[in-house]
Amino acid sequence: MRPRAVLPALTAGALLTAVLALPAAAADSATSASHESVSGATASPSVAVSPGPSDTPTSSAVATPPDTTGPVPSETATSAPTDGSPEPHQFELYGVGNSWSDHWKLSLSVYSDTGTVTGITARYRPHGAPADAPYVATTSDFVPNPYYGGQVSADRPVLPAMGVYDVSVTVTDSSGEVEDFPDVGEFTYAAQVSVGKLASDRSSVDYEHRSYTVSAPVTVTDPSSGAVLDPAGVSVALADPEAAVPSETVAVATARADGRVAATVTVKDSVTYRTAGADGTATAGYPYFLDTGDQTTLTVPATSETTRIRILSKTDVDVPKGGRTTITGVLERKVGSTWTGTPDQEIYTMGPTGLSATVKTNATGTFAVSTGTAGAYYFNNYWDYDPFLLSTDSDATPVYVHVPAPSRVTPFHVSEDEYGEAVIDGRLDLHGAEFASNTHSMTIQYSSNGKTWHTVGSTRIGRSGLAGDEFMTYATYDGQANGYWRAYFPGTPDYSPSYSAAVKIYRTPTRVTGGRPSHTTVRKNTYVTFAGHLQQRSSSGTWSGISHTYAYLEFRAAGSKTWHYVTRVKTDTKGAYHLSGKATHGGTWTVVWFTSDSHHIDSNGPETYVHVH
């Protein structure tokens, strides 16, 4: 697992947005999101207030007196009225209010059913004034809005005082149709707020110093006269330009007596300023909008510290079946050349079944995880990480927890071959978890009576040429194989011990008596003779002859490792034999017997060297 890259610098908001506290009633002037007009801001003491910037347009006006619910879009004209009612609208007008691209301009959208719109005249009077009150200003020069469609005033209207104004509009089209829309929208004539260069009281932030104060000079001017106004009570919102939503408010700065706005920002997550989100409250005595045309970002570098996870308990733990163990460790960060415990951080445990535990470090940076499940455990702090701590994990020092799982020796087969050896073959079942594959050994044990057991030796499980869970060997105890045999798996920290079933085997022992040559030194090409008996032992321990079976004479020349057949002879009724062979050169002679069934053991007489001269 790779450590996370160094945290990028944390960036204060390039976007500064005026935050306004406005009466809810004035918000009714905007009802559609298809237009970009802004309809309202905070009000002056002498003028009623209306909402601040909003991307919700007003509805189309009807040719009836305005009511408190706002204008309603007209229907397309179809025929002249015949019942004395007003003529149907020839125009559709909506979205009358402050423009989003320039809050100090009037924006609207208008369409004609009978021709091309050729003239637009907007008139203003204080919000709430009687219908026969005189208008205080007029705007008749409109141009297409390059940002959101519709029309926008070519110039900023000049009004007698800051506040909210009701707007009436007269529309003319190329067919000569003229229609008046009284009180069709609202326009907020607001002060212009400009914020200067952002500054911070810290040059960087780190794990122990996460908060800093952002400040900037603020200037408030009258939009018509340019006169400087008192900034007291003006609030602006600091926004993070790198956030998922760039306009997200992260802190609200309110103007101080020295004409600067200031707000404290505290960084907690990987995204800058994620923790700030309070809405500012406008307490100035006039409505205002923020001029966002010339803003720069403020970057406060962040320093991330190296971390490590150190396991304090044993890294290799044996737990009895049904038991539990507690793994303890500490998350440390490097401050200068010193490692120190880091509190209140999430530690994630990756165990044999995946993510198995999540704990927090205590005041000293330590953590503890309890488990009763066998496997390897790894720990890390790279999810939900602290932006001032580089992530790390414990891959280099995993903790191994050993809980013995059941094991079983099955199947287990034992037979005896003609040489009098036990032929042992079996498998170790670890319940499908894994194969021993030459990593474990099986102990072979012998008993003559099935009660007292003796360890003969051990053999590797899954050695070369065998399956991964198989073991196979030949064995005798004190030169014999007759008796009981079993296999014993001693167990490991991960698997419990187990025994195979005991298996009894038996073959009748045999022997060759006599079998020595008549002479041990002879002339070349002379004969040497051998005599004796072939015998078998009964279960009571007595020996008797094996009649009418072949006894073989074999020879191995001096310096050779190979035995050669010379001759054979059948025994008599008492098992006696007589054999002779020509001695052509020196070598070793022996008499042997090979069983012809699966109930006896082969045997051979003494090996004697005969010199030839």
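We now turn to the structure provided with this report. (Residues numbered from 1 in each chain as written. Predicted model: local features only at pLDDT ≥ 70, side-chain atom pairs only at ≥ 80, totals over all residues. Heavy atoms only, no water.)

**A look at the sheet that holds strand E10 (residues 163-173)**
The strands making up a sheet associate through backbone hydrogen bonding, with each pair oriented either parallel or antiparallel.
Thought 1: Ordered in space as E7-E6-E10-E11, the 4 strands form an open sheet in which the pairing is antiparallel. Of all the strands in the sheet, just strand E7 (137-139) and strand E11 (178-189) have a single pairing partner and so form its edges. Between one strand axis and the next, the sheet turns by 25° as a mean value, whatever way the strands run.
Thought 2: With 3 bridges joining them, strand E6 (residues 117-126) and E7 adopt antiparallel strand pairing. Note on E7: the bridge partner recorded for Tyr124 is Ala137. (Pairing = 2+ DSSP bridges. Helix = DSSP H or I, 4+ residues; strand = E, 2+ residues; numbered from the N terminus. Axes fitted to C-alpha atoms, helices over the stretch in contact; angles between N-to-C directions.)

**What to know about the pattern of salt bridges**
Thought 1: Applying the stated rule across the entire model yields 11 salt bridges.
Thought 2: Measuring nitrogen to oxygen at the nearest pair gives 3.3 Å for the salt bridge that ties Arg156 to Asp102. Of the two residues, Arg156 sits in the loop between strand E9 (151-153) and E10 while Asp102 sits in the loop between strand E4 (91-99) and strand E5 (106-112), which places them 54 residues apart along the sequence.
Thought 3: In this structure, Lys360 engages Asp344 in a salt bridge whose closest nitrogen and oxygen atoms are separated by 3.3 Å. Highlighted residues: Lys360 in strand E26 (residues 354-360) and Asp344 in the loop between strand E24 (338-341) and strand E25 (346-351), separated in sequence by 16 residues.
Thought 4: Taking relative accessible area as the criterion, Lys360 reaches 47% and is therefore assigned partly exposed.
Thought 5: Where salt bridges share partners, they join Glu208, Glu305 and Arg333 into one cluster. (Salt bridge = Lys/Arg side-chain N within 4 Å of Asp/Glu carboxyl O. Buried < 20%, exposed > 50% of the residue type's maximum accessible area, 1.4 Å probe, protein only.)

**Here we look at the packing of aromatic side chains**
Thought 1: This structure, assessed with the given rule, holds 14 aromatic pairs.
Thought 2: Where Trp104 meets Phe289, the ring centres are 6.0 Å apart and the plane angle is 80°; that geometry is what we call edge-to-face. Of this pair, Trp104 sits in the loop between E4 and E5 while Phe289 sits in strand E19 (residues 288-290), and the two are 185 residues apart along the sequence. This pair shows no difference in class: Trp104 is buried, exactly as Phe289 is.
Thought 3: Ring plane angle 25° and centroid distance 4.4 Å describe the contact between Tyr488 and Tyr499, whose orientation is recorded as stacked. Of this pair, Tyr488 sits in strand E35 (residues 483-489) while Tyr499 sits in strand E36 (residues 498-499), and the two are 11 residues apart along the sequence. (Phe/Tyr/Trp six-rings, centres within 6.5 Å; stacked < 30°, edge-to-face > 60°.)

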